[in-house]
Amino acid sequence: MSNSLSANTMENKLAKYGVTEPVKRPKIKPVKKLDLDTPEGKLIVLSEAKRMMQIHKNTFKRLACL
């Protein structure tokens, strides 16, 4: 009973966007692995490190004084 109720509720929610029947889509699993040894990977590491240094500047200053 609750199954049909939730299906009707979903249809009503999608109907306001013009969707009358939802389509089942297959789940896509991520397969990409990052290789940080390449020049592009080293650039990612460098840019993320710079970003962390900018965001947490005061925290790193306090840690340096310990």
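Residues numbered from 1 in each chain as written. Predicted model: local features only at pLDDT ≥ 70, side-chain atom pairs only at ≥ 80, totals over all residues. Heavy atoms only, no water.

**Side note on the overall build of the chain**
- Helix and strand counts for the chain come out as three helices and zero strands.
- In sequence order, the secondary structure elements of the chain are arranged as α-α-α.
- Taking all 66 residues of the chain together, 2% fall into the buried category.
- Here the chain displays about 7000 Å² of accessible surface, and carbon together with sulfur accounts for 61% of that area. (Helix = DSSP H or I, 4+ residues; strand = E, 2+ residues; numbered from the N terminus. Buried < 20%, exposed > 50% of the residue type's maximum accessible area, 1.4 Å probe, protein only. Areas by Shrake-Rupley, 256 points an atom, 1.4 Å probe, with all protein chains shown as cover.)

**Here's the deal with a nonpolar patch on the surface**
- A surface patch of nonpolar side chains, amounting to about 350 Å² of accessible area, comprises Leu34, Leu36, Ile44 and Val45.
- Examined against the element boundaries, Leu34 turns out to sit in the loop between helix H1 (2-15) and helix H2 (39-55).
- On the accessibility criterion, Leu34 (61% relative accessible area) is exposed. (Patch = residues over 30% accessible without salt bridge, like charges linked within 9 Å, V, L, I, M, F, W, Y side chains within 5 Å. Salt bridge = Lys/Arg side-chain N within 4 Å of Asp/Glu carboxyl O.)

**Brief notes about the pattern of salt bridges**
- Evaluation of the coordinates by the stated rule reveals one salt bridge.
- Arg51 is the salt-bridge partner of Glu48, the closest N and O atoms lying 2.9 Å from each other. Separated by three residues within a single helix, Glu48 and Arg51 lie in helix H2, roughly one turn from each other.
- By relative accessible area, which is 41% here, Arg51 ends up partly exposed.

**Let's talk about the confidence of the model for the chain**
- Mean pLDDT over the chain: 81, with 82% of residues reaching 70 or higher.
- By mean pLDDT, the top-scoring element of the chain is H2 (93), and the lowest-scoring one is H1 (58). (pLDDT = per-residue confidence, 0-100.)

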